[in-house]
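If you want the building blocks of each chain, they are given just below.
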Amino acid sequence: MAALPPREFAAQVLPGCVVPTARQGLAQLWPLLLLCLGARLLHRLPLPRGGKHAGAAAGGLLALHHFFGAHALWVALLSALCALTLALSRARRQRGLCLALAALCYLLLGELHMVDTVTWHKMRGAQMVVAMKAVSLGFDLDWGAAGGEPTPAQVLGYLCSPGSVVFGPWEPFGAYLRAVEGPPLSAAWARKGLRSLGLALLCLLVSTCLAPFLFSCLLPLYGARALQQSVLARWLRAYESALSFHFSNYFVAFLSEATATLSGSGASLRHDHLHWDLAVSRPLRVELPRSMADVVTNWNLPMSRWLHTYVFQTARRLGTFAAVLGTYAASALLHGLSFHLAAVLLSLGLITYTEHMLRQRLAAIFDACILSKRCPPGCSHRHKDALWVRALNGALGAIALFHLSYLGALFDMEADDAIEEQGYGMSYTIRKWSELNWASHWVTLGCWVLARLLR
């Protein structure tokens with residue numbers, strides 16, 4: 001889009017984008033929201049628990065059909081495969097591993113042989129959520145944390161719950177069972193659902209109508225020629241792409257909060273009071289990061305918890321570095337066979353590991369609170385909140401923002417829709433990072449060398 005003065009941008013682009021985008025979004029979402037409300041009311045009725053689980057599974061299948069049509073069958077088949085694997089592996093001690101292998105084989109065969117790439121990518125999020133639920137249930141049964149052997153109706157209701165089957169979030173089996181028990185309706189529950197839905201729509205509008213034009217129109221720092229010729233303009237464009245992608249993620253995160261809350265999940269009991277406090281993402285901690293480790297954790301809190309519990313902790317006996325790379329490799333496989341996603345996630349693993357090493361060394365040398373994660377109040381560091389400590393943390397946070405812009409450059413808003421639907425290939429990934437001179441990878445290498453020298 002050609003650069004527009006801010007007033008002209010407000011007069012032409014916003015009315016032509018905000019209203020149609022919001023209208024189209026609500027038109028797509030209202031059936032899912034009704035199904036979530038229906039599940040919530042069903043759980044409040046004095047029905048047999050088997051009927052509640054069957055109703056949850058049926059509502060989830062209807063939600064899948066609304067978004068994917070006949071292709072919802074592929075998600076239903078994955079759910080059935082996981083339930084069958086769980087039943088057949090009842091006598092085994094490694095049920096989590098069996099379910100992980102079954103889900104992985106299904107996802108790989110589906111993407112490579114059973115369904116065309118464009119269609120499969122549209123269902124990727126739903127497939128990922130079902131696989132994560134199944135694997136977590138298997139490991140919880142291995143560890144004795146599931147509270148007994150679940151019935152087939154419970155398993156299918158959990159895997160296909162309408163509050164999480166389309167957009168997520170992942171929730172443990174125990175959280176689903178508590179939702180089926182039907183916590184009471186309240187004003188706090190309604191406020192939380194409506195607030196999350198409002199924030200989701202706001203993030204959708206920012207991602208679609210504002211972020212792509214941040215520096216060309218809202219803060220006009222470059223023109224059309226500078227966009228192609230200036231190094232600074234390429235980095236500004238990379239930040240625009242990253243910001244647009246970030247807010248599309250926040251849209252899904254807040255929407256999943258809304259659907260999960262409306263269906264009765266996401267409540268916690270503290271001091272004998274029920275709090276509707278489900279959080280899927282923390283945007284401020286991503287956009288103003290302390291570290292890349294902070295970004296990874298707050299990007300998707302439930303998925304971060306899942307990866308840490310069921311992948312990182314399982315692989316930790318192989319060493320920290322192997323466990324970190326294994327965790328990001330598992331995340332890449334769950335997201336599908338996409339070269340650019342795998343490149344981003346594996347690069348992210350290297351960046352976070354190197355950053356962790358460097359900040360650990362610096363914290364030991366300066367005896368200061370400059371670790372990747374914030375220190376607890378009673379930490380043993382001598383320097384906690386001095387001005388130079390804040391300045392150093394700010395500089396390291398700026399490096400994290402630089403990495404975010406570099407990684408987000410791959411999610412270009414102006415790429416062909418056909419390329420985006422099929423997945424960005426290796427040549428596209430190399431070209432985009434070459435335009436930025438592989439800067440983030442060079443900085444990561446420099447930080448690794450510095451961390452090694454400080455040992």
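Since the structure is predicted, the reported quantities are computational estimates derived from the model, not experimental observations.

Chemist: Is there a simple way to think about the overall build of the protein in this case?
Modeler: Secondary structure summary: the protein contains 21 helices and two strands in total. At 23 Å, the protein has a C-alpha radius of gyration in line with the 23 Å of a compact globule built from 455 residues. A principal-axis box enclosing the C-alpha atoms of the protein has dimensions of 65 × 55 × 50 Å. In the structure as shown, the protein presents an accessible area of about 21800 Å², 65% of it carried by carbon and sulfur atoms. For the protein, the separation between the mean place of its 38 positive charges and that of its 24 negative charges on side chains is 8 Å.

Chemist: What am I meant to see in the environment of H71 here?
Modeler: Secondary-structure assignment places H71 in the loop between α2 (49–68) and α3 (72–88). Considering only alpha carbons, one finds H71 and G378, 307 residues apart in sequence, at a separation of 53 Å. When near neighbours in sequence (up to four residues on either side) are disregarded, H71 contacts T119 and M123.

Chemist: Would you take a moment to explain unusual backbone geometry for this structure?
Modeler: Peptide bonds are mostly trans, and most non-glycine residues show a negative phi. In this chain, G168 is followed by P169 through a cis amide linkage whose omega measures 5°. With respect to the helices, strands and loops of the structure, P169 is situated in the loop between α7 (152–159) and α8 (173–180). The phi dihedral of N437 is positive, around 60°, even though this residue is not glycine. Relative to the helices and strands, N437 resides in the loop between α20 (426–435) and α21 (439–453). Of note in this structure, W438 is not a glycine but carries a positive phi near 55°. Within the secondary structure, W438 is located in the loop between α20 and α21. By relative accessible area, W438 is classed as partly exposed at 31%.

Chemist: Just to check I follow, could you spell out the pattern of salt bridges for this structure?
Modeler: Where charged atoms from two side chains of opposite charge approach closely, those side chains can pair. Going through the model one piece at a time under the given rule, you end up with eight salt bridges. For K192, the salt bridge is made with E257, and the minimal N-O distance between the two is 3.1 Å. Of the two residues, K192 is situated in helix α9 (residues 187–210) and E257 in helix α12 (residues 231–262); the sequence distance between them amounts to 65 residues. In this structure, K192 and E257 share a single accessibility class: buried. With its nearest N and O atoms 2.8 Å apart, the salt bridge here joins D385 to R390. The class for D385 is exposed, based on a relative accessible area of 51%. The network of salt bridges with shared partners includes R90, R95 and E149.

Chemist: When you look at empty space enclosed by the protein in this model, what are you seeing that I'm missing?
Modeler: It is a probe the size of a water molecule, rolled over the atoms, that shows where empty space is left. Under the criterion given, the structure shown has one cavity of 30 Å³ or more. Reported here for the largest cavity is a volume of approximately 70 Å³. Secondary-structure elements contributing two or more residues to the lining of the largest cavity are α4 (95–114), α6 (124–143) and α16 (320–334). When grouped by side-chain class, the residues that make up the lining of the largest cavity number six nonpolar, two polar and two charged.

Chemist: Explain the pairing of strand β1 (residues 267–270) to me, please; I cannot follow it from the model alone.
Modeler: When a strand is regular, its side chains alternate between the sheet's two faces. Relative to strand β2 (residues 273–276), β1 runs antiparallel, the two sharing four bridges. Note that in β2 the partner of A267 across the bridge is W276. Connecting the antiparallel pair β1 and β2 is a turn made up of two residues, with H271 showing a positive phi of about 55°.

Chemist: I tried to follow the state of the cysteines on my own but got confused; where do I start?
Modeler: Covalently bonding the sulfur atom of one cysteine to the sulfur atom of another cysteine gives a disulfide. This structure, assessed with the given rule, holds one disulfide. The cysteine C82 is free of any disulfide, with C160 supplying the nearest cysteine sulfur at 9.6 Å. A residue is classified by how much of its surface remains accessible, and C82, at 2% relative accessible area, is buried. Between C379, a cysteine without a disulfide, and C369, which holds the nearest cysteine sulfur, the sulfur-to-sulfur distance is 3.4 Å.

Chemist: Whenever I open this one, the nonpolar core confuses me. Can you help?
Modeler: Generally speaking, soluble globular proteins have nonpolar side chains that are buried together. In terms of nonpolar packing, the biggest core is built from 101 residues, with L64, L137, M292, W306 and L407 touching the most fellow members. Dropping the residues within four chain positions of it, L137 is found in contact with L86, A146, P150, V155, Y158 and F173.

Chemist: Teacher, can you tell me more about the side chain of H53 here?
Modeler: Along the polypeptide, H53 turns up in helix α2. Relative accessible area serves as the criterion here: at 3%, H53 is assigned to the buried category.

Chemist: Looking at this structure, I do not really get a nonpolar patch on the surface. What am I missing?
Modeler: Together, F339, M426, I430, W438, W442, L445, W448, V449 and L453 line one region of the surface with nonpolar side chains, adding up to about 920 Å² of accessible area. At the level of elements, α20 and α21 are the ones that each hand at least two residues to the nonpolar patch.

Chemist: Explanation requested: the packing of aromatic side chains in the structure shown.
Modeler: Two measures describe an aromatic ring pair: the distance that separates the ring centres and the angle between the ring planes. All told, the structure shown has 20 aromatic pairs when counted by the stated rule. An aromatic cluster of at least three residues, connected via ring pairs, comprises F139, W143, W170, W306 and Y310. Geometry around Y158 places K133 over its ring, the cationic atom sitting 5.3 Å from the centre.

Chemist: Is there a simple way to explain α2 in this structure?
Modeler: Residues three or four positions apart in an α-helix share a direction because the helix packs 3.6 residues into each turn. Between its first and last C-alpha atoms α2 spans 29 Å; for 20 residues at 1.5 Å apiece the expected length is 28 Å, and the two agree. Residues of α2 that are buried include every one of K52, H53, A56, A57, G59, G60, A63, L64 and F68, and no others. When α2 is viewed along its axis, its buried side chains cluster within an angular range of 160° and face the same direction. A positive phi of about 65° marks G69, the residue just after α2.

Chemist: Explain α6 to me, please; I cannot follow it from the model alone.
Modeler: Relative to the 28 Å expected for 20 residues at 1.5 Å per residue, α6 spans 29 Å between its end C-alpha atoms, a close match to the ideal helical length. The buried fraction of α6 amounts to 16 of the 20 residues, a majority that puts the element mostly inside the structure. Where α6 terminates, the next one or two residues include G144, which has phi positive at roughly 70°.

Chemist: Even after reading the chapter, I still don't get the environment of S207, so can you show me in this structure?
Modeler: Topologically, S207 is positioned in helix α9. Between the C-alpha atom of S207 and that of D140, which follows or precedes it by 67 residues, the distance is 37 Å. For S207, the contacting residues outside a window of four places in its chain are P212, S244, F247 and S248.

Definitions and cut-offs
Within every chain, residues take consecutive numbers counted from 1 along the sequence as written. pLDDT decides what is reported in this predicted model: residues at 70 or higher carry local features, side-chain atom pairs at 80 or more are listed and counted, and totals for whole chains, interfaces and linings draw on all residues regardless. Each side-chain value is derived from all of the structure's non-hydrogen atoms; neither hydrogens nor water enter the calculation. Under the scheme used here, helices are H or I runs from DSSP no shorter than 4 residues and strands are E runs no shorter than 2 residues, and both carry numbers assigned from the N terminus. In this treatment the radius of gyration is a C-alpha quantity, and the globule benchmark scales as 2.2 Å times the residue count to the 0.38 power. Accessibility throughout is a Shrake-Rupley quantity obtained with a 1.4 Å probe, and a residue counts as covered only by protein chains that appear here. When charges are counted, Lys and Arg contribute as positive and Asp and Glu as negative, whereas His and the chain ends are disregarded. Note on charges: their place is set at NZ of Lys, CZ of Arg, CG of Asp or CD of Glu. Contacts: residue pairs with any heavy atoms within 4.5 Å of one another. When accessible area is computed with a 1.4 Å probe and restricted to protein chains, residues below 20% of their type maximum are described as buried, those above 50% as exposed, and intermediate ones as partly exposed. What counts as a salt bridge is simple: a side-chain nitrogen of Lys or Arg found within 4 Å of a carboxyl oxygen of Asp or Glu. Cavities and pockets are found on a 1 Å grid laid over the protein atoms alone: a cavity is a set of points where a 1.4 Å probe fits but cannot escape, a pocket is an open set with protein on both sides within 12 Å along at least five of seven lines, and a lining residue has an atom within 4 Å of such a point. Grid points are joined across faces, edges and corners, and a volume is the space filled by probe spheres set on the points. Gly falls in the polar group here, along with every residue not listed as nonpolar (Ala, Val, Leu, Ile, Met, Phe, Trp, Tyr, Cys, Pro) or charged (Asp, Glu, Lys, Arg). Two strands pair under a simple rule: DSSP has to find at least two bridges between them. Cysteine sulfur atoms that pair up within 2.5 Å are treated as a disulfide. Residues enter a nonpolar core if they are buried and are Ala, Val, Leu, Ile, Met, Phe, Trp, Tyr or Cys, with the set joined through side-chain atoms within 4.5 Å. Residues qualify for a patch when their relative accessible area is over 30% and they have no salt bridge, like charges being joined within 9 Å and the nonpolar side chains of Val, Leu, Ile, Met, Phe, Trp and Tyr within 5 Å. Any Phe, Tyr or Trp ring, taking Trp's six-membered ring, that has another such ring centre within 6.5 Å forms a pair; planes under 30 degrees apart are called stacked, those over 60 apart edge-to-face, and the others tilted. Criterion for a charge above a ring: Arg CZ or Lys NZ at most 6 Å from the ring centre, at most 35 degrees from the ring normal. In this scheme, a helix's expected span is set at 1.5 Å multiplied by one less than its residue total. It is the directions from the helix axis to the C-beta atoms that the arc portrays.

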